[in-house]
Amino acid sequence: MYPFEDGQTFPKNHWYIAACSHEVGRALFERTILEERLVFYRKEDGTPVALDGICPHRNLPMVQGELEGDAVRCRYHGFRFDTDGRCTDIPSQPTVPSSFTTRAYPVLERWQWIWVWMGDPAKADPALLPDMAFCGLGAPGWRADSNGVMHLKARFSLLIDNLMDLSHIAFLHVQSIGKLERATVAAEMTEENGRVHVVRCTPNQPAEGFHRFLHPNCNGPVDLTMRSDFLGPGLINAGGPYSVMNGTGEPVGRLNFVHGFTPETLQTTHYFPAVARDFRLDDEGLSQALLGQERKVLAEDVPALEHVELSVQRLGNTRRELSVMADAGAMRVRRRLIEMMKAEAQ
Amino acid sequence: MYPFEDGQTFPKNHWYIAACSHEVGRALFERTILEERLVFYRKEDGTPVALDGICPHRNLPMVQGELEGDAVRCRYHGFRFDTDGRCTDIPSQPTVPSSFTTRAYPVLERWQWIWVWMGDPAKADPALLPDMAFCGLGAPGWRADSNGVMHLKARFSLLIDNLMDLSHIAFLHVQSIGKLERATVAAEMTEENGRVHVVRCTPNQPAEGFHRFLHPNCNGPVDLTMRSDFLGPGLINAGGPYSVMNGTGEPVGRLNFVHGFTPETLQTTHYFPAVARDFRLDDEGLSQALLGQERKVLAEDVPALEHVELSVQRLGNTRRELSVMADAGAMRVRRRLIEMMKAEAQ
Amino acid sequence: MYPFEDGQTFPKNHWYIAACSHEVGRALFERTILEERLVFYRKEDGTPVALDGICPHRNLPMVQGELEGDAVRCRYHGFRFDTDGRCTDIPSQPTVPSSFTTRAYPVLERWQWIWVWMGDPAKADPALLPDMAFCGLGAPGWRADSNGVMHLKARFSLLIDNLMDLSHIAFLHVQSIGKLERATVAAEMTEENGRVHVVRCTPNQPAEGFHRFLHPNCNGPVDLTMRSDFLGPGLINAGGPYSVMNGTGEPVGRLNFVHGFTPETLQTTHYFPAVARDFRLDDEGLSQALLGQERKVLAEDVPALEHVELSVQRLGNTRRELSVMADAGAMRVRRRLIEMMKAEAQ
């Protein structure tokens, strides 16, 4: 499927963000992830659980059932399943065959997100979680705020294209961010350990507007840096500007707009934006201002990506796609994703 | 198509309920049945007629036309068709070629329902009507009330699964019927003459609640019986409880919830519920109470089955389905339906 | 696709009406034509332009962009395209590869319509425009009024069927036009230079109703003529009645209901109706009355054709279609369209 090869959809052997922590509790919660319906809840001790969202007996969604302690009971014929997917009660008969199970998915809770592993459970190693600390999530000396969850009616790869080429800021975000000439300077791409970084740096600029809002006591000049960091199929860091004060060479503060995202279906995406910074950590008003600014920017991205989705649904892979230098980062990520999917298909 | 084999949809050489009698009159009435659009009306003598709902000339729905005596005239170019499907007038030319016909479907009116035969008309034998008297419809000593027609956005086989395994009552209907422990006792399945019966009996129980509402003068104890009777691809009887008074052995009254149903499309169903009883025949208030109770129960079944339909649309036949002892009746019916479809395909 | 052969959709090497002149100006305007999304605008000198509606870089609809002089700039990454489709600016890099182009479509403005050529641009000869003067559009001695644009949720071929067999008037338009017995007299079909004409003539009739409204001073008798003229895959003239006064043999005035139409998608059509006459040219009230009458008639055709569309979507090419003598003109046009599509496929 565009922009991948025919039959390729998404890599599965990765941790994806399933939900914000606050979304999952002692009430059953359903979400579709990578085309599969899952039901989520917390055990009495608070640990999150993810099971197949459809009862394997006669297909009623489990979300309509009820919790009984750590187990969940289907509302249709009353079958009860444990957190590991084992059926522990079939009311219409005295015993439960051991083959009677539903699928349980590995889950982890890190920072303010619940992560799920949709691929081979044997490979669900917590060490494979993408590097949240790189963005400042849960990292010492940083403050990070979640912007909740949004729904994007576009395939996840379009969001990756968007985030890995920030040259769109000067046009799509001319209302929310303004005419950033620097967005169009040439970018450098590097890759290491499966991460792809695109960095645009414009040194020795006067401090203006948003920079002075962030750092009122810094008069500049500043090195303006914009960066996109692909950290995994569902986590991209976009940020970095206003980071270094020229003259003294001392950093005055880093600001990241963090983009967690998870394919819902082939053509829709759950979007988990956040903001992280390493300065003015206790300033709650600044947090609210940055979250508001991020929502304003996303309110331009989301409808544009949904329009692009409709275009590519119609055009599919039949059309010659023209790419330019600024697409280098996105194209590199695309190739990496294709490699991941090929490896899984073997 | 789930739960049948690939390419199998519904058996055609059977009588299906097309409409309640009161729905069809001297105004044209359209209904889709087994994926075909039909137009219904009554002749001047009251006999019901069913014709192809789409004009064979240029495809306007016939329902937009007009009756002329016993014939119907299309609104597009004025072609007129007789009750046997013969075209009897083409206004733009003096004569009508004898090959110019539309399809007429065999119909019968029995009890308060109009039945239609969608398969080979040569096989449309009234003797093949399912045994309505078994449920108490139009049977001496019984009173039966129609609950009209409902629309179910689920394939008919899911309704059969539902009705042939009443162990779901204790869970899905916990609000409307309550915790019937007896619903989960083991059931006996029998089959004769193409009918499949599932019976659960719990003898010698105290008379309570609903039983005392039905039979105020019966103090029990009673034999509680729940039964599902598959009488044909579109008629299932579910009922039977509260039927025998212990001690004297005299029956105190039988009550049936009758479920007529007809595939509309591959994934939707027309649902014709009714209630029949052989006691308190003149008690109009009891009729209304029972019809209301049936609607309350169906208001739990319908959304659940529509959720299941969405699940199976997504999952198709790709998923391993787990079945248990209580599914024996439904599985037996499923096999019979598959045999019917195989026989028709030859 | 019905009513054509499998794989055949619409002929492409023809001029189709894209828009009314007043719809296109200095604001970007999007319309889908023959399944392709196009963006329209006028150059500063007023000449209309049509480009691919989707940016060839990352697929955002161009309609969201902005005009810069005669060029258009995409809102996503700021790529700018000239009226011939050449990319003239890629903001993120200093130069533009010459291969970087979008598709430009040949356009013409004639009468009150903008015409577009969707096929091979090398064949876009203005001489191939259908004969608008035949209908009285832009012809000396005639007045023509546009009825704007309507949207029809039916394939264009159903509109052709409708317009080439006016025997439907006596039935579908019994409310708006009345029982025209003459509509059902035999028709003569002729063909020359790719045009198909169907003419029904009833000579020497008394002047009544609509005729007297048009020509208050003409007492008749009159020759009543109804005609359908297929002038191209997107232009049919339907009219001609009330044209000749008997006795003197002097024409008292011709009136045409002109039907421009353009496939939007496989199953929807843009409809551009108009009215033309060669009498009472300065009578604005008569123009408004005729446009109102045309809208009244189309308000009967449009829902009927949309019902037929739903029928044929369901039935496809699987069903035996019965045709009669009155279909001769429509069937001839159908064959010509099939020939056009076959010629293009070679």
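This is a predicted model, so every value here is computed, not measured. (Residues numbered from 1 in each chain as written. Chains lettered and ligands numbered in written order. Predicted model: local features only at pLDDT ≥ 70, side-chain atom pairs only at ≥ 80, totals over all residues.)

(A) Structural view of the overall build of chain A. Helices and strands together make up the secondary structure of chain A, namely six helices and 20 strands. Relative to its length of 346 residues, chain A is compact, with a C-alpha radius of gyration of 22 Å against a globular reference of 20 Å. Each of the three principal axes of chain A carries a C-alpha extent, and together these read 80 × 50 × 35 Å. Looking at chain A alone, contacts between residues at least 24 apart form 56% of all its contacts between residues at least 6 apart. (Helix = DSSP H or I, 4+ residues; strand = E, 2+ residues; numbered from the N terminus. Rg over C-alpha atoms; globule rule 2.2 N^0.38 Å. Contact = placed C-beta atoms within 7 Å.)

(B) Local environment of the relation of the copies chain C and chain A. Its rotation angle being 120°, the transformation that places chain C on chain A also includes 0.1 Å of axial translation and leaves an RMSD of 0.0 Å. Here the copies are linked by what is in effect a three-fold axis. Closest approach to the rotation axis within chain C is made by the C-alpha atom of Q313 of chain C, at a distance of 12 Å. (Least-squares fit on C-alpha atoms with pLDDT ≥ 70 in both.)

(C) Representation of the pairing of strand β14 (residues 188-192) of chain C in the model. Residue and element names in this part refer to chain C. Where burial is concerned, little of β14 is hidden: zero out of the five residues are buried. As judged from the five bridges shared by β14 and strand β15 (residues 195-205), these two strands associate in the antiparallel manner. Each residue of the ladder has a partner; that of M189, found in β15, is V198. What sits between the antiparallel neighbours β14 and β15 is a turn of two residues, in which N193 has the positive phi angle 50°. (Buried ≥ 20, exposed ≤ 12 C-beta atoms within 10 Å, placed from the backbone. Pairing = 2+ DSSP bridges.)

(D) Expanded view of unusual backbone geometry. A cis amide bond links Y2 of chain A to the next residue, P3 of chain A, at an omega of 0°. Tracing the chain through its elements places P3 of chain A in the segment before β1 (15-20). One non-glycine residue, E35 of chain B, adopts positive backbone phi at about 70°. When you line up the elements, E35 of chain B lands in the loop between β2 (29-33) and β3 (36-42). Even without a glycine there, the phi angle at R280 of chain C is positive, about 45°. Here R280 of chain C lies in the loop between β20 (268-277) and α5 (284-315). Its 15 C-beta neighbours within 10 Å are what place R280 of chain C among the partly exposed residues.

(E) Up close: the interface of chain C and chain A. Listed as interface residues are 16 residues of chain C and, on the opposing side, 17 residues of chain A. Tallied by class, residues from the side of chain C that touches chain A come to eight nonpolar, six polar and two charged. (Nonpolar A, V, L, I, M, F, W, Y, C, P; charged D, E, K, R; others polar.)

(F) Looking closely at the nonpolar core. Counting residues in hydrophobic clusters, the biggest one holds 251 residues, and the most contacted among them are A18 of chain A, A18 of chain B together with A18 and V116 of chain C. With near-sequence residues (within four places) excluded, V116 of chain C lies in contact with Y16, A18, I33, A50, Y105 and V107 of chain C. (Core = buried A, V, L, I, M, F, W, Y, C linked by C-beta atoms within 7 Å.)

(G) Representation of the environment of V174 of chain B. Following the sequence through the fold, V174 of chain B ends up in the loop between α3 (169-172) and β14 (188-192). Residues V174 of chain B and G119 of chain B lie 55 residues apart in sequence; the distance between their C-alpha atoms is 40 Å.

(H) Quick look at the interface of chain C and chain B. Across the boundary between the two partners, chain C contributes 17 residues, which contact 17 residues of chain B. Every element with two or more residues in the side of chain C that touches chain B is listed here: α3 (169-172) and α5 of chain C. At six residues, the largest contribution of residues to the side of chain C that touches chain B is made by α5 of chain C. Its residues assigned to classes, the side of chain C that touches chain B comprises eleven nonpolar, five polar and one charged.

(I) Expanded view of the environment of R227 of chain C. Take R227 of chain C: it is sitting in strand β16 (residues 222-232). C-alpha of R227 of chain C to C-alpha of G239 of chain C: the two residues are twelve residues apart in sequence and 5.3 Å apart in space.

(J) Examining helix α2 (residues 156-164) of chain B more closely. Judged by how many residues are buried, α2 of chain B sits mostly within the fold: nine of nine residues are covered. For α2 of chain B, the full list of buried residues reads F156, S157, L158, L159, I160, D161, N162, L163 and M164 of chain B.

(K) Geometry of the domain arrangement of chain A. Residues and elements named next belong to chain A. Domains assigned within chain A are domain 1 (15-127) and domain 2 (131-345). Here the C-alpha centre of domain 2 lies 33 Å away from the C-alpha centre of domain 1. The partner domain 2 presents 16 residues to the 13 residues of domain 1 that form the contact. When residues of the side of domain 1 that touches domain 2 are traced back to their parent elements, those giving at least two are β1 and β2 (29-33). The element that contributes the greatest number of residues to the side of domain 1 that touches domain 2 is β1, accounting for four residues. Considered class by class, the residues forming the side of domain 1 that touches domain 2 number eight nonpolar, three polar and two charged. (Domains from an automatic or database assignment.)

(L) Seen up close, the sheet that holds strand β11 (residues 113-117) of chain C. Residues and elements named next belong to chain C. Strand order in the open sheet formed by three strands is β1-β11-β10, with antiparallel pairing between adjacent strands. Pairing within the sheet leaves two strands with one partner each, and these edge strands are β1 (15-20) and β10 (107-110). For this sheet the average axis-to-axis angle between neighbouring strands, irrespective of direction, equals 35°. (Axes fitted to C-alpha atoms, helices over the stretch in contact; angles between N-to-C directions.)

(M) Up close: the packing of helix α2 (residues 156-164) of chain A against helix α6 (residues 328-345) of chain A. Residue and element names in this part refer to chain A. In contact at an axis separation of 8 Å, α2 and α6 are set at 145° when each is read in the N-to-C sense. Every pair of crossing elements has a handedness; the one defined by α2 and α6 is right-handed. Residue-level inspection shows I160, D161 and M164 of α2 in contact with α6, the latter providing G329, A330 and V333. Residue composition of the contact of α2 with α6, by class: four nonpolar, one polar and one charged. (Left-handed = near helix turned anticlockwise from the far one by under 90°.)

(N) Structural view of the sheet that holds β3 of chain B. Residues and elements named next belong to chain B. Pairing is antiparallel in the open sheet, where four strands are placed in the order β2-β3-β4-β9. On the outer flanks of this sheet lie β2 and β9 (104-105), each paired with one strand and no other. In this structure, β2 lies alongside β3, joined through five bridges in antiparallel fashion. Among the inter-strand pairings, E30 is bridged to a residue of β3, identified as V39.

(O) Quick peek at the confidence of the model for chain A. Per-residue pLDDT for chain A averages 92, and the proportion of residues at 70 or more is 95%. For this predicted complex, the interface confidence score (ipTM) comes to 0.93, while the overall pTM stands at 0.93. (pLDDT = per-residue confidence, 0-100.)

(P) Focus on the environment of L231 of chain B. All names here are of chain B. In this structure, L231 sits in strand β16 (residues 222-232). Look at L231 and you get buried, because 22 C-beta atoms sit within 10 Å. The spacing of L231 and F10 is 221 residues in sequence and 16 Å in space, taken between C-alpha atoms. Those residues in contact with L231, other than ones at most four positions away along the chain, are P130, D131, F134, R195, I236 and N237.

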